[in-house]
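Take a look at the letters that make up each chain.
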Amino acid sequence: MNHYQKRSTRIFRTIIGASLLIYIFTNAKMSYWLPFYTFHTNVFVGVWYLFSGLFPGKEQPSFWINDATKGAITTYITITGLVYNLVLIPVEVAYVGYIPFVSIVTHMIVPVMMVIDYLITPTVKQPQWKQAPLWMTYPMIYLVSIQIMGATSDFYPYPFIDPSHVNSSPQLFINYIILLIIHIGLAALYLTIARRKWRKSHR
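Residues numbered from 1 in each chain as written. Predicted model: local features only at pLDDT ≥ 70, side-chain atom pairs only at ≥ 80, totals over all residues. Heavy atoms only, no water.

1. Topic: the nonpolar core
One recurring pattern in soluble globular proteins is that nonpolar side chains are buried together. Among the nonpolar cores identified, the biggest contains 49 residues, and V45, W135 and Y158 are the most heavily contacted of them. Of all elements in the fold, only α1 (3–25), α3 (37–54), α4 (67–96), α5 (101–120), α7 (137–153) and α9 (169–201) reach the threshold of two or more residues within this core. Examining the composition of this core, we find that 10 residues originate from one element, α4, more than from any other. Sequence-distant contacts of V45, defined by excluding residues within four places in its chain, comprise L20, I73, I77, V110 and M114. (Core = buried A, V, L, I, M, F, W, Y, C linked by side-chain atoms within 4.5 Å. Buried < 20%, exposed > 50% of the residue type's maximum accessible area, 1.4 Å probe, protein only. Helix = DSSP H or I, 4+ residues; strand = E, 2+ residues; numbered from the N terminus. Contact = heavy atoms within 4.5 Å.)

2. A short note on the packing of aromatic side chains
Under the definition given, this model contains 16 aromatic pairs. Measuring from centroid to centroid gives 6.1 Å for F44 and Y76, while their planes differ by 55°, and the two rings are tilted. Of this pair, F44 sits in helix α3 while Y76 sits in helix α4, placing them 32 residues apart in sequence. Its relative accessible area of 6% is what places Y76 among the buried residues. Residues Y118 and Y190 carry aromatic rings whose centres are separated by 5.1 Å and whose planes lie at 70° to one another, so their mutual orientation is edge-to-face. Highlighted residues: Y118 in helix α5 and Y190 in helix α9, separated in sequence by 72 residues. (Phe/Tyr/Trp six-rings, centres within 6.5 Å; stacked < 30°, edge-to-face > 60°.)

3. Topic: empty space enclosed by the protein
Leftover empty space is mapped by rolling, across the atoms, a probe with the size of a water molecule. Tallied over the entire structure, the rule returns 1 cavity of 30 Å³ or more. Roughly 160 Å³ of volume is contained in the largest cavity. What lines the largest cavity is a set of 15 residues, and nearest its centre among them are Y37, I79, Y158, F160 and L179. Residue assignment for the lining of the largest cavity shows that the elements contributing at least two residues are α3, α4, α7 and α9. It is α4 that provides the largest number of residues to the lining of the largest cavity, a total of 5 residues. For the lining of the largest cavity, the residue count by class is 12 nonpolar, 3 polar and no charged. (1 Å grid on protein atoms, 1.4 Å probe; cavity = no way out; pocket = protein on both sides within 12 Å on 5 of 7 lines; lining within 4 Å. Points joined across faces, edges and corners; volume = space filled by probe spheres on them. Nonpolar A, V, L, I, M, F, W, Y, C, P; charged D, E, K, R; others polar.)

4. Topic: the environment of V91
You can see V91 is positioned in helix α4. Residues V91 and G81 lie 10 residues apart in sequence; the distance between their C-alpha atoms is 15 Å.

5. Overview of the environment of L191
Mapped onto the secondary structure, L191 falls in helix α9. The exposure class assigned to L191 is buried, which follows from its relative accessible area of 1%. Taking the C-alpha atoms as reference, L191 lies 9.9 Å from T75; in sequence the two are 116 residues apart.

6. Overview of the environment of F39
In this structure, F39 sits in helix α3. Exposure remark for F39: the relative accessible area of 11% places this residue in the buried category. Between the alpha carbons of F39 and M108 there is a distance of 13 Å; along the sequence they are 69 residues apart. In this structure, F39 is in contact with I24, F25, M30, W33 and L34, ignoring residues within four places of it in sequence.

7. Quick notes on a nonpolar patch on the surface
A contiguous nonpolar patch, built from L82, L86, V87, F173, I174, I177, I178, I181 and I182 and spanning about 810 Å² of accessible area, is present on the exposed surface. Tallying contributions element by element places α9 first for the nonpolar patch, with 6 residues. As for its placement among the helices and strands, L86 is situated in helix α4. (Patch = residues over 30% accessible without salt bridge, like charges linked within 9 Å, V, L, I, M, F, W, Y side chains within 5 Å. Areas by Shrake-Rupley, 256 points an atom, 1.4 Å probe, with all protein chains shown as cover. Salt bridge = Lys/Arg side-chain N within 4 Å of Asp/Glu carboxyl O.)

8. Topic: the layout of surface pockets
By volume, the largest pocket amounts to about 760 Å³. Lining the largest pocket are 25 residues, and of these Y32, F36, E92, Y95 and S103 sit closest to its centre. Looking at the lining of the largest pocket, the elements that each hand over two or more residues are α2 (30–33), α3, α4 and α5. Residue contributions to the lining of the largest pocket peak at 6 residues, all from α4. Its residues assigned to classes, the lining of the largest pocket comprises 18 nonpolar, 5 polar and 2 charged.

What follows is the structure, encoded as C-alpha cells:
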C-alpha cells in the first residue's frame, strides 16, 4: 500500500470501529446481550477496527494490526455468522417473527466485512502455527463461564448449550466438541491463508 491507501484504510477502520461500538453500547438491549458470544465477538471486531485505525504501528505492526490478533478475531466472528445463519435464524424468526436489524448487522454484515478485510489485506507479519492454541483461549473461557453462569442462574444464551433444551449430557458434550472443532478448523484455515499471503508477498 502507498501512503494514501494506508491513510484511507486507517480512517475507514477508525470510523467503522467507532460506529460499531457506539451502535452496540447505546442499544437499549445491551445489558441483555452481555452473556452472548455475538456481543463479545462484535465488540472484539469494533475494538480491532478502532485501534488498528488509530494505532497501526510505524516500524513494526502494533498488537492490533498483528495478524495473530486479527486472525483470532476473524475466527470468532466467523463462528458468530455461521452459527446464526445455519442454526439460529429459524429460532429467532419463530420467536419474533422476523430477522431484526441488529441481527443483520451483528450476524451478517460485521462477519462478512471482517472476513473480507482479512482475505484482501496484506499479511504484515509471518503467521506461526504455534499461534493457533492461543486463539482457542477465548472460546474455552466462554464455554466454561457460560456453563458456570447457567448452573447458577439457569440461563443459557443458546439452546444447543442449554442442558434442559438438549436434554442429554452426551449430546451436550458432543455440541461442545463440535463447536471447538469448528473453531480449530477455522483457525487452521485462516492461518493457512495468512501464511500463503505472506509467502506470496515475500517471493
